[in-house]
Amino acid sequence: MTAAKQVITYLNVFLFVVLLNFWLPRLLPGGPVDFLTGGEDSAVFMSEAQKQAMLAYYQLNQPVWEQFKQYLLGLATFDLGLSFTYKAPVFEVIFARLPWTVLLVGIATVLSIVLGLAAGLLSSWRHPGTTDRLLLLCMLILSAIPEFLIGMLLLLGFAVGWEVLPLSGARTPFFQPELWWERVWDLTKHALLPVATLTAGGLAGMYLLMRNEAIRVKGEPFVEFASAKGITGRAVLLRHVVRNAALPLVTMIVNRIGGLVAGAVLVETVFSYPGIGKLLQEAILARDYPLLHGLFLLITIVVLSLNLLADLLYPLLDPRIRPAKRGGQG
(Lines give C-alpha, C1' and ligand atoms only; values in the text may rest on other atoms or scores of the structure.)
Protein backbone atom coordinates (compact mmCIF):
# COMPACT_ATOMS: atom_id res chain seq x y z
CA MET A 1 0.00 0.00 0.00
CA THR A 2 1.41 3.42 -0.96
CA ALA A 3 1.85 6.25 1.54
CA ALA A 4 -1.05 8.20 -0.05
CA LYS A 5 -3.39 5.22 0.30
CA GLN A 6 -2.30 4.78 3.90
CA VAL A 7 -3.06 8.43 4.68
CA ILE A 8 -6.50 8.15 3.01
CA THR A 9 -7.25 4.94 4.91
CA TYR A 10 -6.34 6.50 8.27
CA LEU A 11 -8.36 9.63 7.49
CA ASN A 12 -11.41 7.54 6.57
CA VAL A 13 -11.13 5.49 9.76
CA PHE A 14 -10.69 8.65 11.84
CA LEU A 15 -13.74 10.33 10.26
CA PHE A 16 -15.86 7.21 10.75
CA VAL A 17 -14.88 6.91 14.42
CA VAL A 18 -15.42 10.63 15.01
CA LEU A 19 -18.96 10.32 13.62
CA LEU A 20 -19.54 7.18 15.69
CA ASN A 21 -18.34 8.98 18.83
CA PHE A 22 -21.26 11.38 18.60
CA TRP A 23 -23.98 8.74 18.27
CA LEU A 24 -22.71 6.06 20.67
CA PRO A 25 -23.31 8.01 23.93
CA ARG A 26 -26.84 8.86 22.75
CA LEU A 27 -27.67 5.18 22.29
CA LEU A 28 -27.30 4.63 26.05
CA PRO A 29 -30.60 4.43 27.97
CA GLY A 30 -31.52 7.59 29.87
CA GLY A 31 -29.80 10.94 29.61
CA PRO A 32 -27.83 13.51 31.59
CA VAL A 33 -30.95 14.99 33.20
CA ASP A 34 -32.05 11.54 34.41
CA PHE A 35 -28.68 11.13 36.11
CA LEU A 36 -28.67 14.61 37.62
CA THR A 37 -32.19 14.20 38.98
CA GLY A 38 -31.50 10.65 40.21
CA GLY A 39 -33.95 8.88 37.87
CA GLU A 40 -37.42 7.58 38.67
CA ASP A 41 -36.47 6.24 42.12
CA SER A 42 -34.80 9.45 43.25
CA ALA A 43 -35.97 11.31 46.33
CA VAL A 44 -35.20 14.56 44.48
CA PHE A 45 -38.36 16.02 42.98
CA MET A 46 -38.13 18.19 39.89
CA SER A 47 -41.03 19.68 38.04
CA GLU A 48 -41.33 19.37 34.28
CA ALA A 49 -40.48 23.07 33.95
CA GLN A 50 -37.26 22.58 35.91
CA LYS A 51 -36.28 19.62 33.73
CA GLN A 52 -36.94 21.65 30.58
CA ALA A 53 -34.84 24.48 31.99
CA MET A 54 -32.02 22.03 32.66
CA LEU A 55 -32.25 20.62 29.13
CA ALA A 56 -32.10 24.16 27.76
CA TYR A 57 -29.09 24.95 29.99
CA TYR A 58 -27.15 22.00 28.55
CA GLN A 59 -28.54 22.68 25.02
CA LEU A 60 -30.03 19.19 24.91
CA ASN A 61 -33.46 20.46 23.86
CA GLN A 62 -32.12 21.31 20.41
CA PRO A 63 -32.66 18.93 17.46
CA VAL A 64 -30.07 16.18 17.29
CA TRP A 65 -28.75 17.47 13.97
CA GLU A 66 -28.16 20.87 15.59
CA GLN A 67 -26.26 19.11 18.40
CA PHE A 68 -24.29 17.19 15.77
CA LYS A 69 -23.40 20.44 14.02
CA GLN A 70 -22.21 21.93 17.33
CA TYR A 71 -20.17 18.76 17.95
CA LEU A 72 -18.41 19.06 14.57
CA LEU A 73 -17.85 22.77 15.13
CA GLY A 74 -16.33 21.99 18.52
CA LEU A 75 -13.98 19.44 16.97
CA ALA A 76 -12.88 21.94 14.33
CA THR A 77 -12.16 24.60 16.98
CA PHE A 78 -10.74 22.16 19.60
CA ASP A 79 -13.55 23.07 21.98
CA LEU A 80 -15.62 20.12 23.16
CA GLY A 81 -17.60 22.20 25.63
CA LEU A 82 -18.19 21.83 29.36
CA SER A 83 -18.47 18.56 31.23
CA PHE A 84 -21.96 18.17 32.71
CA THR A 85 -20.52 16.45 35.80
CA TYR A 86 -17.45 18.55 36.55
CA LYS A 87 -18.72 21.93 35.23
CA ALA A 88 -15.30 22.48 33.63
CA PRO A 89 -13.91 22.38 30.07
CA VAL A 90 -13.60 18.81 28.82
CA PHE A 91 -9.93 19.15 27.87
CA GLU A 92 -9.07 20.40 31.39
CA VAL A 93 -10.86 17.45 33.01
CA ILE A 94 -9.17 14.93 30.72
CA PHE A 95 -5.66 16.38 31.03
CA ALA A 96 -5.99 16.45 34.82
CA ARG A 97 -6.56 12.67 34.82
CA LEU A 98 -4.29 11.71 31.89
CA PRO A 99 -0.94 11.63 33.79
CA TRP A 100 -2.22 8.92 36.16
CA THR A 101 -3.17 6.61 33.27
CA VAL A 102 0.09 7.36 31.43
CA LEU A 103 1.96 6.38 34.60
CA LEU A 104 0.12 3.06 34.96
CA VAL A 105 0.03 2.10 31.28
CA GLY A 106 3.61 3.24 30.65
CA ILE A 107 5.14 1.18 33.46
CA ALA A 108 2.89 -1.84 32.79
CA THR A 109 3.73 -1.75 29.07
CA VAL A 110 7.49 -1.74 29.68
CA LEU A 111 7.27 -4.50 32.30
CA SER A 112 4.96 -6.77 30.29
CA ILE A 113 7.14 -6.39 27.16
CA VAL A 114 10.48 -6.99 28.92
CA LEU A 115 9.27 -9.86 31.11
CA GLY A 116 7.15 -11.44 28.36
CA LEU A 117 9.93 -11.36 25.75
CA ALA A 118 12.56 -12.62 28.21
CA ALA A 119 10.33 -15.50 29.37
CA GLY A 120 9.39 -16.35 25.75
CA LEU A 121 13.04 -16.44 24.68
CA LEU A 122 14.00 -18.59 27.68
CA SER A 123 11.12 -20.96 26.96
CA SER A 124 12.02 -21.30 23.27
CA TRP A 125 15.66 -21.85 24.14
CA ARG A 126 14.72 -24.66 26.55
CA HIS A 127 12.20 -26.17 24.13
CA PRO A 128 11.34 -29.01 24.50
CA GLY A 129 12.14 -29.32 28.20
CA THR A 130 10.80 -29.03 31.72
CA THR A 131 11.43 -25.28 31.95
CA ASP A 132 9.54 -24.69 28.69
CA ARG A 133 6.57 -26.81 29.77
CA LEU A 134 6.34 -25.19 33.21
CA LEU A 135 6.51 -21.67 31.78
CA LEU A 136 3.94 -22.52 29.10
CA LEU A 137 1.55 -24.00 31.66
CA CYS A 138 1.86 -20.97 33.97
CA MET A 139 1.27 -18.51 31.12
CA LEU A 140 -1.72 -20.44 29.76
CA ILE A 141 -3.31 -20.34 33.22
CA LEU A 142 -2.52 -16.61 33.54
CA SER A 143 -4.00 -15.85 30.11
CA ALA A 144 -7.29 -17.49 31.12
CA ILE A 145 -7.81 -15.16 34.11
CA PRO A 146 -9.54 -11.80 33.35
CA GLU A 147 -7.71 -8.64 34.39
CA PHE A 148 -10.40 -7.50 36.77
CA LEU A 149 -10.25 -10.89 38.58
CA ILE A 150 -6.45 -10.61 38.90
CA GLY A 151 -6.95 -7.15 40.37
CA MET A 152 -9.57 -8.39 42.83
CA LEU A 153 -7.31 -11.24 44.00
CA LEU A 154 -4.34 -8.87 44.49
CA LEU A 155 -6.59 -6.42 46.31
CA LEU A 156 -7.93 -9.09 48.66
CA GLY A 157 -4.46 -10.46 49.33
CA PHE A 158 -2.24 -7.40 49.72
CA ALA A 159 -4.69 -4.67 50.77
CA VAL A 160 -7.41 -6.52 52.72
CA GLY A 161 -5.64 -9.65 54.00
CA TRP A 162 -2.06 -8.58 54.73
CA GLU A 163 -2.73 -4.82 54.77
CA VAL A 164 0.69 -4.00 53.30
CA LEU A 165 -0.59 -1.87 50.41
CA PRO A 166 -3.36 0.76 50.17
CA LEU A 167 -6.86 -0.28 49.18
CA SER A 168 -7.60 2.40 46.58
CA GLY A 169 -6.73 5.81 45.15
CA ALA A 170 -3.50 7.27 43.78
CA ARG A 171 -2.24 8.93 46.98
CA THR A 172 -3.04 9.10 50.67
CA PRO A 173 -5.65 11.81 51.42
CA PHE A 174 -4.35 14.79 53.47
CA PHE A 175 -0.83 13.32 53.49
CA GLN A 176 1.74 16.15 53.67
CA PRO A 177 5.24 14.63 53.42
CA GLU A 178 8.29 16.55 54.60
CA LEU A 179 10.67 14.80 52.20
CA TRP A 180 10.24 14.26 48.45
CA TRP A 181 10.96 10.54 48.62
CA GLU A 182 8.09 10.08 51.06
CA ARG A 183 5.77 11.47 48.37
CA VAL A 184 7.35 9.14 45.77
CA TRP A 185 6.94 6.13 48.05
CA ASP A 186 3.31 7.04 48.72
CA LEU A 187 2.59 7.23 44.95
CA THR A 188 4.51 3.99 44.35
CA LYS A 189 2.52 2.09 47.00
CA HIS A 190 -0.75 3.15 45.41
CA ALA A 191 0.42 2.27 41.88
CA LEU A 192 1.91 -1.15 42.66
CA LEU A 193 -1.26 -3.24 42.52
CA PRO A 194 -2.77 -1.58 39.39
CA VAL A 195 0.57 -1.87 37.57
CA ALA A 196 0.93 -5.51 38.64
CA THR A 197 -2.58 -6.24 37.37
CA LEU A 198 -2.02 -4.62 33.96
CA THR A 199 1.40 -6.28 33.65
CA ALA A 200 0.00 -9.72 34.46
CA GLY A 201 -2.81 -9.17 31.96
CA GLY A 202 -0.38 -8.46 29.12
CA LEU A 203 2.39 -10.89 30.04
CA ALA A 204 0.93 -14.13 28.67
CA GLY A 205 0.18 -12.80 25.16
CA MET A 206 3.68 -11.37 24.79
CA TYR A 207 5.26 -14.60 26.09
CA LEU A 208 3.24 -16.90 23.80
CA LEU A 209 3.98 -14.88 20.66
CA MET A 210 7.71 -14.59 21.45
CA ARG A 211 7.99 -18.30 22.26
CA ASN A 212 6.13 -19.50 19.16
CA GLU A 213 7.94 -17.11 16.80
CA ALA A 214 11.35 -17.98 18.27
CA ILE A 215 10.67 -21.73 17.95
CA ARG A 216 9.54 -21.22 14.33
CA VAL A 217 12.62 -19.15 13.42
CA LYS A 218 14.95 -21.64 15.14
CA GLY A 219 13.83 -24.23 12.59
CA GLU A 220 14.73 -22.03 9.59
CA PRO A 221 17.72 -23.15 7.45
CA PHE A 222 19.67 -19.91 7.99
CA VAL A 223 19.64 -20.45 11.76
CA GLU A 224 20.90 -24.01 11.35
CA PHE A 225 23.57 -22.67 9.00
CA ALA A 226 24.63 -20.07 11.58
CA SER A 227 24.89 -22.77 14.23
CA ALA A 228 26.90 -24.98 11.86
CA LYS A 229 29.38 -22.11 11.38
CA GLY A 230 30.19 -22.35 15.07
CA ILE A 231 28.35 -19.24 16.27
CA THR A 232 27.48 -19.58 19.94
CA GLY A 233 23.92 -20.33 20.96
CA ARG A 234 23.43 -16.98 22.67
CA ALA A 235 24.63 -15.08 19.58
CA VAL A 236 22.32 -17.09 17.31
CA LEU A 237 19.40 -16.36 19.62
CA LEU A 238 20.01 -12.61 19.89
CA ARG A 239 21.29 -11.83 16.37
CA HIS A 240 19.14 -14.10 14.22
CA VAL A 241 16.14 -15.46 16.10
CA VAL A 242 15.08 -12.26 17.87
CA ARG A 243 15.61 -10.06 14.81
CA ASN A 244 13.56 -12.28 12.50
CA ALA A 245 10.78 -12.69 15.04
CA ALA A 246 10.50 -8.93 15.56
CA LEU A 247 7.87 -8.12 12.90
CA PRO A 248 4.87 -9.88 14.49
CA LEU A 249 6.12 -8.70 17.88
CA VAL A 250 5.79 -5.05 16.82
CA THR A 251 2.16 -5.68 15.88
CA MET A 252 1.59 -7.42 19.19
CA ILE A 253 3.27 -4.67 21.21
CA VAL A 254 1.28 -1.90 19.46
CA ASN A 255 -1.99 -3.77 19.92
CA ARG A 256 -1.08 -4.48 23.53
CA ILE A 257 -0.52 -0.80 24.32
CA GLY A 258 -3.94 -0.01 22.85
CA GLY A 259 -5.38 -2.90 24.86
CA LEU A 260 -3.78 -1.59 28.04
CA VAL A 261 -5.58 1.73 27.55
CA ALA A 262 -8.86 -0.18 27.33
CA GLY A 263 -7.85 -2.49 30.19
CA ALA A 264 -7.16 0.54 32.34
CA VAL A 265 -10.93 1.14 32.48
CA LEU A 266 -11.48 -2.07 34.44
CA VAL A 267 -8.30 -1.86 36.53
CA GLU A 268 -8.79 1.79 37.50
CA THR A 269 -12.39 1.02 38.43
CA VAL A 270 -11.34 -1.91 40.64
CA PHE A 271 -8.68 0.17 42.42
CA SER A 272 -10.57 3.51 42.27
CA TYR A 273 -7.50 4.93 40.55
CA PRO A 274 -8.20 8.48 39.23
CA GLY A 275 -7.12 7.96 35.62
CA ILE A 276 -8.77 8.08 32.21
CA GLY A 277 -10.37 4.66 32.67
CA LYS A 278 -12.13 5.67 35.89
CA LEU A 279 -13.14 8.95 34.27
CA LEU A 280 -14.67 7.07 31.33
CA GLN A 281 -16.68 4.88 33.69
CA GLU A 282 -17.97 7.97 35.54
CA ALA A 283 -18.83 9.70 32.25
CA ILE A 284 -20.81 6.67 31.01
CA LEU A 285 -22.79 6.40 34.26
CA ALA A 286 -23.52 10.16 34.21
CA ARG A 287 -24.31 10.23 30.45
CA ASP A 288 -21.85 13.12 30.27
CA TYR A 289 -21.92 13.49 26.46
CA PRO A 290 -19.18 16.16 26.05
CA LEU A 291 -16.80 14.23 28.31
CA LEU A 292 -17.54 10.97 26.47
CA HIS A 293 -16.85 12.71 23.14
CA GLY A 294 -13.48 13.91 24.44
CA LEU A 295 -12.47 10.54 25.90
CA PHE A 296 -13.48 8.58 22.80
CA LEU A 297 -11.58 11.08 20.65
CA LEU A 298 -8.46 10.70 22.80
CA ILE A 299 -8.59 6.88 22.67
CA THR A 300 -9.16 6.99 18.89
CA ILE A 301 -6.14 9.23 18.34
CA VAL A 302 -3.93 7.04 20.56
CA VAL A 303 -4.92 3.78 18.84
CA LEU A 304 -4.62 5.20 15.30
CA SER A 305 -1.25 6.79 16.13
CA LEU A 306 0.06 3.45 17.42
CA ASN A 307 -1.08 1.67 14.27
CA LEU A 308 0.54 4.35 12.12
CA LEU A 309 3.75 3.91 14.10
CA ALA A 310 3.64 0.15 13.43
CA ASP A 311 3.13 0.77 9.69
CA LEU A 312 6.18 3.06 9.65
CA LEU A 313 8.32 0.55 11.54
CA TYR A 314 7.52 -2.49 9.35
CA PRO A 315 9.76 -1.48 6.39
CA LEU A 316 12.63 -0.71 8.77
CA LEU A 317 12.40 -4.14 10.39
CA ASP A 318 11.74 -6.19 7.26
CA PRO A 319 13.46 -4.99 4.03
CA ARG A 320 11.21 -7.30 1.96
CA ILE A 321 8.31 -4.89 2.58
CA ARG A 322 10.11 -1.83 1.15
CA PRO A 323 9.89 -2.68 -2.60
CA ALA A 324 6.21 -3.54 -2.21
CA LYS A 325 5.50 -0.17 -0.57
CA ARG A 326 7.42 1.79 -3.19
CA GLY A 327 5.74 -0.08 -6.03
CA GLY A 328 2.28 0.31 -4.58
CA GLN A 329 1.80 -3.43 -4.09
CA GLY A 330 0.24 -5.21 -1.09
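Before any of the text, the structure's been laid out above.
Every chain is numbered independently, its residues counted from 1 as its sequence is written. Restriction of local features to residues with pLDDT of at least 70 applies here, the model being predicted, together with a cutoff of 80 or more for giving and counting side-chain atom pairs; totals for whole chains, interfaces and linings are based on all residues. Think of the side-chain values as coming from all heavy atoms in the structure, minus any hydrogens and water.

## Points about the overall build of the protein
Counting from the N terminus, the helices are the DSSP runs of H or I reaching at least four residues and the strands are the DSSP runs of E reaching at least two. A tally of regular secondary structure across the protein gives 14 helices and zero strands. If you list the helices and strands of the protein from N to C, you get α-α-α-α-α-α-α-α-α-α-α-α-α-α. Within the span of the protein, comprising 330 residues, buried residues form 36% of the whole. Contacts are assigned to residue pairs with any non-hydrogen atoms lying within 4.5 Å of each other. For the protein, the proportion of contacts with a sequence separation of at least 24, taken over those separated by at least 6, is 73%. Calculation of accessible area relied on Shrake-Rupley with a 1.4 Å probe; when residues are assessed, cover is drawn exclusively from the protein chains displayed. By element, 69% of the accessible surface of the protein is carried by carbon and sulfur atoms, the whole surface being about 18700 Å². For every residue, the accessible area (1.4 Å probe, protein chains only) is compared with the maximum for its type, and the residue is labelled buried under 20%, exposed over 50%, or partly exposed between those bounds.

## Observations concerning helix 12 (residues 276-286)
For helix 12, the full list of buried residues reads I276, G277, K278, L279, L280, A283 and A286. Phi for R287, located one or two positions after helix 12, is positive at around 50°.

## Topic: the pattern of salt bridges
Any two side chains of opposite charge can pair, given that their charged atoms come close. For this document, the term salt bridge refers to a Lys or Arg side-chain nitrogen within 4 Å of an Asp or Glu carboxyl oxygen. Taken as a whole and judged by the stated rule, the model has six salt bridges. E66 serves as the salt-bridge partner of K69, at 3.5 Å between the closest nitrogen and oxygen. Taken together, the residues K69 and E66, both in helix 4 (residues 64-76) and three residues apart, mark about one turn of the helix. Given the relative accessible area of 25%, E66 is considered partly exposed. Salt-bridge contacts for D186 lead to R183; the nearest nitrogen and oxygen are separated by 3.9 Å. Taken together, the positions of D186 and R183, both in helix 8 (residues 180-218) and three residues apart, correspond to about one turn of that helix. Because the salt bridges share partners, they merge into one network encompassing R97, K278 and E282.

## Overview of the packing of helix 7 (residues 147-161) against helix 8
Two elements in contact, helix 7 and helix 8, have axes whose closest approach is 9 Å; the angle formed by their N-to-C orientations is 145°. Here the hand of the crossing between helix 7 and helix 8 comes out right-handed. Only L193, A196, T197, L198, A200 and G201 of helix 8 make contact with helix 7, whose side of the interface consists of E147, I150, G151, L154, L155, F158 and A159. Considering only residue class, the contact of helix 7 with helix 8 consists of nine nonpolar, three polar and one charged. Axes here mean lines fitted to C-alpha atoms, for a helix over just the part in contact, with angles spanning 0 to 180 degrees between N-to-C directions. Crossing handedness follows the turn of the near helix against the far one: under a right angle anticlockwise gives a left-handed crossing, and clockwise gives a right-handed one. Only Asp, Glu, Lys and Arg are considered charged in this grouping, and only Ala, Val, Leu, Ile, Met, Phe, Trp, Tyr, Cys and Pro are considered nonpolar; every other residue, Gly among them, is considered polar.

## Observations concerning the packing of helix 5 (residues 90-125) against helix 10 (residues 233-244)
Viewed as axis vectors pointing N to C, helix 5 and helix 10 meet at an angle of 120°, and their least axial separation amounts to 12 Å. With respect to their mutual orientation, helix 5 and helix 10 come out oblique. Helix 10 is crossed by helix 5, and the crossing has right-handed handedness. Here L121, S124 and W125 of helix 5 come into contact with helix 10, specifically with G233, R234, L237 and V242. Within the contact of helix 5 with helix 10, the residues separate by chemical class into four nonpolar, two polar and one charged. Roughly parallel refers to an angle under 35 degrees, roughly antiparallel to one over 145, roughly perpendicular to one between 65 and 115, and oblique to any angle outside these ranges.

## Side note on the side chain of R97
If you trace the backbone, R97 turns up in helix 5. A 3.5 Å cut-off defines polar contacts: any pair of N or O atoms within that distance qualifies, except that in protein one atom must be a possible hydrogen donor and the other a possible acceptor, and neighbouring residues in sequence count only when both atoms are side-chain atoms. A polar contact is formed between the side chain of R97 and the backbone oxygen of G275, at a distance of 3.4 Å. Aside from chain neighbours lying at most four places away, what touches R97 is Y86, P274, G275, I276, K278, L279 and E282.

## With respect to the nonpolar core
Joining through side-chain atoms within 4.5 Å is the link that ties buried Ala, Val, Leu, Ile, Met, Phe, Trp, Tyr and Cys residues into a set, and such a set is a nonpolar core. Counting residues in each nonpolar core, the largest one holds 19 residues, and the members touching the most others are Y71, L75, I94, L279, L291 and L295. Looking at this core, the elements that each hand over two or more residues are helix 1 (3-26), helix 4, helix 5, helix 12 and helix 13 (289-317). Broken down by element, the residue count for this core peaks at five residues, all from helix 13. Beyond its immediate stretch of four places on either side in the chain, I94 contacts I276, L279, L291, G294, L295 and L298. Among the nonpolar cores identified, the runner-up in size contains 17 residues, and I150, L198, A200 and Y273 belong to it.

## Remarks on the packing of aromatic side chains
Ring pairs are drawn from Phe, Tyr and Trp, using the six-membered ring of Trp, whenever the two centres fall within 6.5 Å, and their geometry is named by plane angle: stacked under 30 degrees, edge-to-face over 60, tilted for the rest. According to the stated counting rule, one finds 10 aromatic pairs in the structure shown. Put simply, the rings of F22, W23, W65, F68 and Y71 pair up and form one aromatic cluster. Remark: a charge is flagged as sitting over a ring if the NZ atom of Lys or the CZ atom of Arg is within 6 Å of the ring centre and within 35 degrees of the ring normal. The lysine or arginine in question, R26, covers the ring of Y289, its NZ or CZ lying 4.6 Å from the ring centre.

## A word on a nonpolar patch on the surface
Nonpolar side chains (Val, Leu, Ile, Met, Phe, Trp, Tyr) are joined into patches within 5 Å and like charges within 9 Å, using only residues with over 30% relative accessible area and no salt bridge. A surface patch of nonpolar side chains, about 480 Å² in accessible area, is lined by L103, I107, V110, L111, V114 and L115. Tracing the sequence through the fold places V110 in helix 5.

## A word on unusual backbone geometry
For K87, which is not glycine, the phi dihedral falls at a positive 55°. In this fold, K87 is placed in the loop between helix 4 and helix 5.

## Considering the side chain of T199
Relative to the elements of secondary structure, T199 occurs in helix 8. If near-sequence neighbours (up to four positions away) are discounted, T199 is found in contact with A108, L111, S112 and L115.

## Structural notes on the environment of G201
Tracing the backbone through its elements, the reader meets G201 in helix 8. Taking the C-alpha atoms as reference points, G201 and E147, separated by 54 residues in sequence, lie 5.5 Å from one another. In this structure, G201 is in contact with E147, I150 and R256, ignoring residues within four places of it in sequence.

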